[in-house]
There are 2 protein chains.
Amino acid sequence: MATIDDVAKLAGVSIATVSRVFNNSPLVSEKARQKVLKAAEELGYKPSMPARSLAMKKTNTIGLIVPDISNLYYAEVVRGIEDVCNIYKYNITLCNADNKREKEFQYIEMLKNRWVDGIIFHCDYFSKEHYEIFENGNIKVVLAGRTTKFDVPYVGIDNFKAAYDAVKYLISLGHKKIGIIHGPLDEMKETIDSVDRLRGYKQALIDNGLPIYDKFIKEANFKYKGGYNAAMEMLKGEMRPTAIFAISDIMAMGAINAVFDSGLSCPEDVSVMGFDNIDLAEATRPSLTTVSQPMYEIGAVAARMLIKMLNGEEIDEYQIILKHKIVVRNSCISPKK
Amino acid sequence: MATIDDVAKLAGVSIATVSRVFNNSPLVSEKARQKVLKAAEELGYKPSMPARSLAMKKTNTIGLIVPDISNLYYAEVVRGIEDVCNIYKYNITLCNADNKREKEFQYIEMLKNRWVDGIIFHCDYFSKEHYEIFENGNIKVVLAGRTTKFDVPYVGIDNFKAAYDAVKYLISLGHKKIGIIHGPLDEMKETIDSVDRLRGYKQALIDNGLPIYDKFIKEANFKYKGGYNAAMEMLKGEMRPTAIFAISDIMAMGAINAVFDSGLSCPEDVSVMGFDNIDLAEATRPSLTTVSQPMYEIGAVAARMLIKMLNGEEIDEYQIILKHKIVVRNSCISPKK
DNA sequence: ATGAAAGCGCTAACAG
DNA sequence: CTGTTAGCGCTTTCAT
């Protein structure tokens, strides 16, 4: 590969001039610029990023830590991130940490050693330990798809309110016995999706004078099978819900099939509501009424915010809550009298 | 951030010794090693990758170009890649090129300037132009999920045979009127998924003395809606297939719903077969009989191969065809008499 | 076993 | 406007 020296020699100028040309410095005569460009063209020269990074202490790279890229939700968020990074000429280093603390910390450390300019971080729960690592490491970070009480930039949604709205909608339809299938709760810490959504669910019931039944609250693992099994159990016996709110579309798909396999029909006997609004939500039968979460936008906004931070630009809002909305399709109707 | 100089000074040794310690050179006394380690610990020192990359002309980074990470298929492949890269301490730079040639070339150029050690490349069709760019740029590359006639390492599946086997299975069930929903054909170039699978479909019909009807061959865009529409058209009128082979599970899901919306039932009136075997294939009703493609493994094997190449290890097979298999579920049965 | 010193390819004062 | 030069943080001969 040709280096800056080769170009300088061929163009008959100093390496400083070559550097200037490639950094769009105005301090170069048009003549010199042309000579340099021609020589570079001839040699197929392009500046070496590693060398440039070392000299400028800036890599133009953003580290991306997600639990699992093969999860539809994160894949969509990452797509949003990548698109805006591409616009601003940033690159992405992708890391799958599986929500394991140890892996997360390891990756953060590694990204730091690689001098990434900043990190966009995803996890199920942002702990004090996380906070301290970023703080002490002096690492620029923005949390995506998650809120936190710590003083860290983030962009997410209001999970409490989203669940509250979902349940309120179900109640407005006339449902009084509403079940929920949530995910792992991890000691009920706030800002965990499952915990906040469960709280929203309960509050909506309370605010509408409805009782909370333990039997209608089931935990699953965010997978199809988990949603299926949880719904099956909920549907067993006399006392059963007329509506089930699963806090992910995938689990909701499991719930719909569980309704059918219980000899009931959806939505006639049991309404099912999802969360996320993945592409396939309209492909289920019945198509899924769900809480829409702006996944692509979460990624895009997070990336834009981080890049602004890196450029030292003014930022009006470091903690952004994006709007969710209820997408009404066919899986939820009023209960039979 | 502490540098190698800081450590050397604090440990009372030269930077060469510090370097040796961090590169596990045996040429260091135990005493010196301890001093260095202690000093490094104290300063929180870790070698800077950009500096190291520049000195060694090796970045320990692999470039990854995919059409679209938010596509379930690629997300799964990438997960496989990431997992093995992680084991071998390689990092991944992710690029979404949307199958656009211009974007692909741009990313390849950029990855080259970043001195990535190698590239794992995904695209719908590997052209001569691609070949030449990698060849002339002297870039180590392995194609994932795709075969090619060019002399480039790859790991993929035999799409012709996979489709052939799928249709053969349908025929063995007794079907004689079999439709196919394929993707874009792009001038019928070989090694494009759609083209090869369509060829496999036709050959299977021919080999079994079955006629090929144009009406039973529809193109769609690999999306749910596309599969739905294509199937709807195919099902219109008197002459309709008793089985539909969609070359992606997502399109197959569309086809299943189209069957229902045509007033028919699946699989009783029309069997539907998919391709890929994504997680959700078991969540459809009826659950989807499909051709399973080892997505995670394609990624993992490609990554392992590239890393071997980077290490200069001997490789027995540069062009690997992984096995597909028919996964029988409930969407395909024998046709009614 | 250890250190001095010359790069790796580029940027950024500084001087002219 | 241009060139010289001193780094950026690390690896790697080459002596010792």
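All figures in this text were calculated on a predicted structure; none of them were measured in a lab.

Engineer: How should the interface of chain A and chain B be read in this particular structure?
Structural biologist: When the parts come together, some accessible area is lost, and that loss is often what is quoted as the size of the interface. The interface is formed by 51 residues belonging to chain A together with 51 residues belonging to chain B. Among the residues chain A hides against chain B, the three largest losses belong to Arg79, Arg114 and Arg285 of chain A. Together they make up 15% of the total. Viewed at the interface, chain B and chain A are joined by 8 salt bridges. We note a salt bridge from Lys46 of chain A to Glu109 of chain B, for which the minimum N-O separation is 2.9 Å. For the pair chain A and chain B, the interface holds 28 residue pairs in polar contact (both at pLDDT 80 or more). Contributing elements (two or more residues each) for the side of chain A that touches chain B: α4 (49–56), α5 (72–87), β2 (91–96), α6 (101–113), α10 (224–235) and α11 (249–261) of chain A. Split into classes, the residues belonging to the side of chain A that touches chain B amount to 24 nonpolar, 13 polar and 14 charged.

Engineer: What is the right way to look at the protein's contact with DNA strand C in this model?
Structural biologist: As a structural note, the neighbourhood of DNA strand C is formed by 28 residues, with Ile4, Ser19 and Tyr45 of chain A together with Arg20 and Lys57 of chain B the closest of them. Of what DNA strand C places within 4 Å of the protein, 65% of the atoms are sugar or phosphate. The backbone of Ser48 of chain A places a nitrogen or oxygen atom 3.0 Å from a phosphate oxygen of DNA strand C. At 2.9 Å from a phosphate oxygen of DNA strand C is found a main-chain nitrogen or oxygen belonging to Ser14 of chain B. Elements with a contribution of two residues or more to the surface near DNA strand C: α2 (15–22) and α4 of chain A together with α2 (15–22) and α4 (49–56) of chain B. Residues belonging to the surface near DNA strand C are distributed by class as follows: 16 nonpolar, 7 polar and 5 charged.

Engineer: How do you make sense of the nonpolar core when you look at a structure like this?
Structural biologist: Buried together is how nonpolar side chains tend to be arranged in soluble globular proteins. Within the largest apolar cluster, 175 residues are counted, with the highest numbers of intra-cluster contacts made by Ile181 and Phe245 of chain A together with Ile181 and Phe245 of chain B. The contact partners of Phe245 of chain A, leaving out residues within four places of it in the chain, are Ala163, Ala166, Val167, Leu170, Gly179, Ile180, Ile181, Met273, Gly274, Phe275 and Val291 of chain A. Judged by nonpolar contacts, the second largest core, of 21 residues, contains Ala97, Val116, Val141 and Tyr154 of chain B.

Engineer: Can you walk me through the protein's contact with DNA strand D in this structure?
Structural biologist: Every one of the 28 residues lining DNA strand D counts as a neighbour, but Arg20, Ser29 and Lys57 of chain A together with Ile4 and Ser19 of chain B are closest to it. Each atom of DNA strand D within 4 Å of the protein was classed as base or backbone; sugar and phosphate made up 64%. A distance of 2.4 Å separates a base oxygen of DNA strand D from a polar side-chain atom of Arg20 of chain A. Between DNA strand D and Arg52 of chain B, the relevant distance is 2.7 Å, taken from a phosphate oxygen to a side-chain nitrogen or oxygen of the residue. By residue class, the composition of the surface near DNA strand D is 16 nonpolar, 7 polar and 5 charged.

Engineer: What exactly am I supposed to notice about the environment of Glu41 of chain A here?
Structural biologist: All names here are of chain A. As for its position among the elements, Glu41 is in helix α3 (residues 30–43). Accessibility expressed as a relative area gives 66% for Glu41, which makes it exposed. Along the chain, Glu41 and Val7 lie 34 residues apart, while their C-alpha atoms are 9.2 Å from each other.

Engineer: Would you explain the UniProt feature "domain: HTH lacI-type" (unreviewed entry) in chain A in this entry?
Structural biologist: As recorded in UniProt, the sites labelled "domain: HTH lacI-type" (unreviewed entry) are residues 2–56 of chain A. The distance separating the terminal C-alpha atoms of residues 2–56 of chain A is 20 Å; by composition the span is 69% helix and 0% strand.

Engineer: What am I meant to see in the sheet that holds strand β7 (residues 217–219) of chain B here?
Structural biologist: Backbone-to-backbone hydrogen bonds join strands into a sheet, with any given pair of strands oriented parallel or antiparallel. Residues and elements named next belong to chain B. Here we have 6 strands laid out as an open sheet, ordered β7-β6-β8-β9-β10-β12, and mixed in their pairing. Each edge of the sheet is formed by a strand with only one pairing partner; in this case those strands are β7 and β12 (325–327). Averaged over all neighbouring strand pairs, the angle between strand axes comes to 20 degrees, with direction disregarded. Contacting β6 (178–182), β8 (243–246), β9 (271–276), β10 (289–292) and β12, helix α8 (residues 159–172) runs over the sheet at an angle of about 160 degrees to β9.

Engineer: How should α10 of chain A be read in this particular structure?
Structural biologist: Helical geometry: 3.6 residues make up each α-helical turn, so side chains three or four residues apart lie on a common side. Residue and element names in this part refer to chain A. Taking 1.5 Å per residue, 12 residues should reach 16 Å; α10 reaches 16 Å between its end C-alpha atoms and fits that length. Buried within α10 we find Tyr224, Gly226, Gly227, Tyr228, Ala230, Ala231, Met234 and Leu235. Residues of α10 that are buried make contact with β6 (178–182), β7 (217–219), β8 (243–246) and α11. Taken from the residues just after α10, Gly237 is the one with a positive phi, measuring 85 degrees.

Engineer: Can you walk me through the packing of α5 of chain A against helix α12 (residues 295–310) of chain A in this structure?
Structural biologist: The packing of two helices is summarised by the inter-axis angle and the distance between the axes. Residues and elements named next belong to chain A. Relative to each other, α5 and α12 sit at 40 degrees, their axes nearing to 7 Å. Accordingly, the angle class assigned to the pair α5 and α12 is oblique. For α5 against α12, the interelement crossing comes out right-handed. Two secondary-structure elements touch here, α5 through Tyr73, Glu76, Val77, Arg79, Gly80, Ile81, Asp83, Val84 and Cys85 and α12 through Met295, Tyr296, Ile298, Gly299, Ala300, Ala303, Arg304 and Ile307. Residue classes in the contact of α5 with α12 are distributed as 11 nonpolar, 2 polar and 4 charged.

Engineer: Sorry, what's going on with the sheet that holds β6 of chain A here?
Structural biologist: Residues and elements named next belong to chain A. Strand order in the open sheet formed by 6 strands is β7-β6-β8-β9-β10-β12, and the pairing between neighbours is mixed. The open sheet is flanked by β7 and β12 (325–327), the only strands paired with a single partner. In this sheet, neighbouring strand axes are inclined to one another by 20 degrees on average, regardless of whether the strands run parallel or antiparallel. Alignment of strand β9 (residues 271–276) against strand β10 (residues 289–292), held across 4 bridges, turns out to be parallel. Bridging across to β10, Asp276 finds its partner in Ser292. Helix-sheet contacts for helix α9 (residues 193–207) involve β6, β7 and β9, and the interaxial angle to β6 is about 170 degrees.

Engineer: Help me out: how do you make sense of the packing of aromatic side chains in this one?
Structural biologist: The way to describe two aromatic rings as a pair is by their centre distance and the angle between their planes. Evaluated as defined, the whole model comprises 22 aromatic pairs over all chains. Ring geometry for Tyr73 of chain A and Tyr74 of chain A: centres 4.9 Å apart, planes at 85 degrees, overall edge-to-face. We note that Tyr73 of chain A, like Tyr74 of chain A, is buried. Arranged with centres 6.4 Å apart and planes meeting at 35 degrees, the rings of Phe245 of chain B and Phe275 of chain B form a pair that is tilted. Remark: Phe275 of chain B occurs in strand β9 and Phe245 of chain B occurs in strand β8; sequence separation between them is 30 residues. The exposure classification of Phe245 of chain B matches that of Phe275 of chain B, with both residues buried. The rings of Phe121, Phe126, Tyr131, Phe134 and Phe150 of chain A are connected pair by pair, giving a single aromatic cluster. If you follow Lys225 of chain A out to its NZ or CZ, it ends over the ring of Tyr228 of chain A, 5.4 Å from the centre.

Engineer: What exactly am I supposed to notice about the domain arrangement of chain A here?
Structural biologist: Along its sequence, chain A is organised into domain 1 (4–56), domain 2 (61–157 + 295–323) and domain 3 (159–293). A separation of 34 Å is found between the C-alpha centroids of domain 1 of chain A and domain 2 of chain A.

Engineer: Could you clarify how one ought to interpret the packing of helix α1 (residues 4–11) of chain B against helix α3 (residues 30–43) of chain B in this entry?
Structural biologist: All names here are of chain B. At a closest axis distance of 8 Å, the pairing of α1 and α3 adopts a crossing angle of 125 degrees. Considered as vectors, α1 and α3 are oriented oblique to each other. Both α1 and α3 take part in a crossing whose hand is right-handed. On the side of α1, the interface is formed by Asp6, Val7, Leu10 and Ala11, while α3 contributes Lys35, Val36, Ala39, Ala40, Glu42 and Leu43. Per-class residue counts for the contact of α1 with α3 are 7 nonpolar, no polar and 3 charged.

Engineer: What exactly am I supposed to notice about empty space enclosed by the protein here?
Structural biologist: To find leftover empty space, one rolls a probe the size of a water molecule over the atoms. Scanning the entire structure with this criterion turns up 4 cavities of 30 Å³ or more. The computed volume of the largest cavity comes to approximately 270 Å³. In terms of lining residues, the largest cavity is bounded by 17 residues, among which Thr59, Thr61 and Arg114 of chain A together with Thr61 and Arg114 of chain B are the most central. When contributions to the lining of the largest cavity are tallied by element, the ones reaching two or more residues are α4 of chain A together with α4 and β2 (91–96) of chain B. Among the residues forming the lining of the largest cavity, the class breakdown is 6 nonpolar, 9 polar and 2 charged.

Thresholds, definitions, all that
- Residues numbered from 1 in each chain as written.
- Chains lettered and ligands numbered in written order.
- Predicted model: local features only at pLDDT ≥ 70, side-chain atom pairs only at ≥ 80, totals over all residues.
- Heavy atoms only, no water.
- Contact = heavy atoms within 4.5 Å.
- Buried area = accessible area lost by both parts, 1.4 Å probe.
- Salt bridge = Lys/Arg side-chain N within 4 Å of Asp/Glu carboxyl O.
- Polar contact = N/O pair within 3.5 Å; in protein donor to acceptor, adjacent residues only side chain to side chain.
- Helix = DSSP H or I, 4+ residues; strand = E, 2+ residues; numbered from the N terminus.
- Nonpolar A, V, L, I, M, F, W, Y, C, P; charged D, E, K, R; others polar.
- Near = heavy atom within 4 Å.
- Core = buried A, V, L, I, M, F, W, Y, C linked by side-chain atoms within 4.5 Å.
- Buried < 20%, exposed > 50% of the residue type's maximum accessible area, 1.4 Å probe, protein only.
- UniProt positions renumbered as here; feature names shortened; annotations may be inferred.
- Pairing = 2+ DSSP bridges.
- Axes fitted to C-alpha atoms, helices over the stretch in contact; angles between N-to-C directions.
- Expected span 1.5 Å × (residues − 1).
- Parallel < 35°, antiparallel > 145°, perpendicular 65-115°, else oblique.
- Left-handed = near helix turned anticlockwise from the far one by under 90°.
- Phe/Tyr/Trp six-rings, centres within 6.5 Å; stacked < 30°, edge-to-face > 60°.
- Lys NZ or Arg CZ within 6 Å of the ring centre and 35° of its normal.
- Domains from an automatic or database assignment.
- 1 Å grid on protein atoms, 1.4 Å probe; cavity = no way out; pocket = protein on both sides within 12 Å on 5 of 7 lines; lining within 4 Å.
- Points joined across faces, edges and corners; volume = space filled by probe spheres on them.

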